[in-house]
Amino acid sequence: MYILLCFLGVKLCPTGESSIGKIKVKLRKTYIMTAIDGSEVIAESLERLGVKVVFGIVGIPVVEVADALISKGIKFIGFRNEQAASYAASVYGYLTQQPGVLLVVGGPGLVHALAGIYNSESNKWPLLVLAGSSSSSEVYRGGFQELDQVSLMTSTFSKFSARPPSISRVPELITKAFRLSISGKPGPTYIDLPADIIQSKIDSSDGLQYLESVIPYAIEAVSYTHLRAHETRRHV
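Being a predicted model, the structure only gives us computed values, none of them experimental.

**Q** I'm lost on the overall build of the chain in this one. Help?
**A** Helices and strands together make up the secondary structure of the chain, namely 11 helices and eight strands. Within the span of the chain, comprising 236 residues, buried residues form 53% of the whole. Taken as a whole, the chain presents about 10600 Å² of accessible surface, with 56% of it coming from carbon and sulfur.

**Q** For this particular structure, what's the right way to read the pairing of strand S3 (residues 75-78)?
**A** Looking along a regular strand, one sees side chains alternate from face to face of the sheet. Pairing of strand S2 (residues 53-56) with S3 involves four bridges; the strand directions are parallel. Among the inter-strand pairings, Gly 56 is bridged to a residue of S3, identified as Gly 78. The β-α-β motif built from S2, the intervening helix H4 (residues 63-71) and the parallel element S3 has right-handed crossover chirality.

**Q** I would appreciate a short explanation of the environment of Ala 88 in the present structure.
**A** Tracing the chain through its elements places Ala 88 in helix H5 (residues 82-96). A sequence separation of 13 residues divides Ala 88 from Val 101, and the C-alpha atoms of the two residues are 9.5 Å apart.

**Q** Sorry, what's going on with the environment of Ile 191 here?
**A** Assignment of secondary structure puts Ile 191 in strand S7 (residues 188-194). Placed 61 residues apart in sequence, Ile 191 and Leu 130 show a C-alpha to C-alpha distance of 5.1 Å. Leave out the neighbours within four places in its chain, and Ile 191 touches Leu 128, Val 129, Leu 130, Ala 131, Phe 160, Ala 162, Pro 164, Leu 173, Ile 174 and Ala 177.

**Q** Even after reading the chapter, I still don't get the pattern of salt bridges, so can you show me in this structure?
**A** Side chains bearing opposite charge may pair, as long as their charged atoms lie close to each other. This structure, assessed with the given rule, holds six salt bridges. With its nearest N and O atoms 2.4 Å apart, the salt bridge here joins Glu 44 to Lys 72. In this pair, Glu 44 sits in helix H3 (residues 38-48) while Lys 72 sits in the loop between H4 and S3, placing the two residues 28 residues apart along the sequence. In this structure Lys 72 comes out as partly exposed when scored by relative accessible area, which is 27%. Of the charged contacts in the structure, one is a salt bridge between Glu 121 and Lys 124, with a shortest N-O distance of 3.1 Å. The class of Glu 121 is buried, set by a relative accessible area of 17%. For Lys 124, a relative accessible area of 32% corresponds to the partly exposed category. A single salt-bridge network, built from bridges that share partners, covers Glu 44, Glu 47, Arg 48 and Lys 72.

**Q** Could you clarify how one ought to interpret the pairing of S7 in this entry?
**A** Extensive coverage of S7 is indicated by the burial of seven of its seven residues. Across the two faces of S7 the burial is the same, with Pro 188, Tyr 190, Asp 192 and Pro 194 and Thr 189, Ile 191 and Leu 193 all buried. Here strand S5 (residues 127-133) pairs with S7 via seven bridges, running parallel. The partner of Ala 131 across the bridge, within S7, is Asp 192. After leaving strand S6 (residues 160-162), the chain enters helix H9 (residues 170-182) and then returns to the sheet as S7, a path that is right-handed.

**Q** Just checking my understanding: could you explain the sheet that holds S7 for this structure?
**A** In any sheet, the strands associate via hydrogen bonds between backbone groups, in a parallel or an antiparallel arrangement. Strands sit in the order S3-S2-S4-S5-S7-S6 across an open sheet of six strands; the sheet is parallel. The sheet is open, and its two edges are formed by S3 and S6, each paired on a single side. Neighbouring strand axes in the sheet, compared pairwise and without regard to direction, differ in orientation by 20° on average. Pairing between strand S4 (residues 100-104) and S5: five bridges, direction parallel. Directly across from Gly 100, in S5, lies its bridge partner Leu 127. This element, H4, spans S2, S3 and S4 of the sheet and lies at about 140° to S4.

Cut-off values and rules
Residues numbered from 1 in each chain as written. Predicted model: local features only at pLDDT ≥ 70, side-chain atom pairs only at ≥ 80, totals over all residues. Heavy atoms only, no water. Helix = DSSP H or I, 4+ residues; strand = E, 2+ residues; numbered from the N terminus. Buried < 20%, exposed > 50% of the residue type's maximum accessible area, 1.4 Å probe, protein only. Areas by Shrake-Rupley, 256 points an atom, 1.4 Å probe, with all protein chains shown as cover. Pairing = 2+ DSSP bridges. Right-handed = clockwise from strand over helix to strand, strands pointing away. Contact = heavy atoms within 4.5 Å. Salt bridge = Lys/Arg side-chain N within 4 Å of Asp/Glu carboxyl O. Axes fitted to C-alpha atoms, helices over the stretch in contact; angles between N-to-C directions.

Right, dumping it as structure tokens:
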């Protein structure tokens, strides 16, 4: 429920324990009843991590994700094929030393993007890959463009790959993937986005305890991003 921070207008910043306390107090004093869907959770998570631009191609089931990104002011740069989009995202990571973000459809879309993803892997450039996939209920049933994308990415192409088991785990796993793409030796990380996770809704007044447990983790990720950017500028 880290997503609630966004509706409170709270931006994460590397200010330590006092920031955590202030966020918790503001949460408890605010009454929220809105329901939000998975695409909004994904977009808000990326916005809180400071993502300004996303590269990719939209299609089923990630159309809603791209719409949510644009509504948050994140620039979405569309391409005619996934290979070009993946190369652009990988080069963005190289030039900025921050994770380039790639959004593609599942199955053939992700496979077509592997050239640029491996470009990041071989050059050790930070890249966060998000790809749609079949609904959880269709696994092993021949769902639309079904592919075990987590196994594919884990085997050769990424430092970390995960498929959120529920919408409430999406912010945590995106934050973890974002951090790992730039920590240690940079490289690609991957988050699988099942159609049912993207389209499901969650009551944003639910799960305050979960939200508070995620706050320190999210602040740590953003703090590390700021630190790495500072170190990169210092050595240029």
